[in-house]
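# Chain and residue survey
Single-letter residue listing:
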Amino acid sequence: MVATLLGNAYRELGRVKESIEAHRFAVSINPKDHQAWVNLGVAYRTDRNLQEAGQCYFRALDLQPEYVEAYISLSTLNVAMNEPAKSVKLLDKAIDIDPVNAVVHGNLALCLAMIGLYREAEVRLERSIALGYSEWKTVRQRIDALSENDSDFDPTEIGDWEMKCPRCECETLSHPNEDRFGRPILCSDFGSVMSRTKRAN
């Protein structure tokens, strides 16, 4: 559909509002198209409208309960909302539907690491690599960074650290996502792992 192609093109160009309008038009033409609902959800998520994005993903699953892309998108959204445990459950369901989906295994590896299950994360990452996951190196780096942070992090000293996002150099409080120690980890678009540097005295 032309509206879908246009919406995707607008999003790639960073014209998010126009992308949303195009995808909303596509949904209005065919409200039973589960793929169109996911596309609209992705546009909303790009615009940081997480509530609307979630509603779109759930609508897609109502229409097609075995649509794996909707599970992937919803799990990514849950990470952005600091709920990686929910993402793990969603991705487990996706694997039940499509056991050889490399993206699902790769995303699950990262989510497991975010909740401290590093051994399980390694198993999933290896599985994703065996299935041909192209982004495995990025996930590998993120898991390593999370593991390193856990090994040397003392939550009682959180006030002695300054955190910045390596992607956009924003300060810690600009991002709402936290791990189980209350540390921001990811940009809300499921981006780079946060880095920690000792605050200057």
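The rules we used
Numbers given for residues are sequential positions, taken from 1 along each chain in its written order. With pLDDT at 70 or above as the cut-off, local features in this predicted model cover only qualifying residues; side-chain atom pairs require 80 or more to be listed or tallied, and sums for whole chains, interfaces and linings still use all residues. Where side-chain values are given, they derive from all heavy atoms of the structure, hydrogens and water being excluded. Patches here are clusters of residues that have more than 30% relative accessible area and form no salt bridge, with a 9 Å joining cutoff for like charges and a 5 Å cutoff for nonpolar side chains (Val, Leu, Ile, Met, Phe, Trp, Tyr). Per-residue accessibility takes into account occlusion by the displayed protein chains alone, with areas from the Shrake-Rupley method and a 1.4 Å probe. Salt-bridge detection follows one rule: a side-chain nitrogen of Lys or Arg within 4 Å of a carboxyl oxygen of Asp or Glu. Helix and strand definitions here come from DSSP, where helices need a minimum of 4 consecutive H or I residues and strands a minimum of 2 consecutive E residues; each element is numbered from the N-terminal end. Type-normalised accessible area, obtained with a 1.4 Å probe on protein chains alone, sets the label of each residue: buried when under 20%, exposed when over 50%, and partly exposed for intermediate values. Contacts between residues were defined by any pair of non-hydrogen atoms, one from each residue, lying within 4.5 Å. Remark: nonpolar core denotes a set of buried residues (Ala, Val, Leu, Ile, Met, Phe, Trp, Tyr, Cys) joined through side-chain atoms within 4.5 Å. In a helix, the anticipated span is given by 1.5 Å times the number of residues less one. Under this definition, polar contacts are N or O atom pairs within 3.5 Å; protein pairs additionally need one hydrogen-donor-capable and one acceptor-capable atom, and for neighbouring residues in sequence, both atoms have to be side-chain atoms.

## Side note on a nonpolar patch on the surface
On the surface, Met1, Phe25 and Ile29 cluster together to form a nonpolar patch covering roughly 320 Å² of accessible area. The topology assignment puts Phe25 in helix α2 (residues 16-29).

## Digging into the side chain of Asn107
For Asn107, the position within the fold is in helix α7 (residues 102-114). Judged by relative accessible area, which is 10%, Asn107 ranks as buried. In contact with Asn107, other than residues within four places in its own chain, are Ile72, Thr76, Leu91 and Tyr133.

## Re the nonpolar core
Counting residues in each nonpolar core, the largest one holds 46 residues, and the members touching the most others are Val38, Leu40, Tyr57, Val104, Val139 and Ile143. Those elements giving two or more residues to this core turn out to be α2, α3 (34-46), α4 (50-63), α5 (68-80), α6 (84-97), α7, α8 (118-130) and α9 (136-152). Counting residues per element, this core draws most heavily on α7, which supplies 9 residues.

## Details of α3
In this model, α3 (13 residues) spans 19 Å end to end at C-alpha, consistent with the 18 Å of a helix rising 1.5 Å per residue. In this structure Asp33 caps α3, since a side-chain oxygen of it lies 3.0 Å from the backbone nitrogen of Gln35.

So far we have only geometry, and geometry alone does not tell us how the molecule works.
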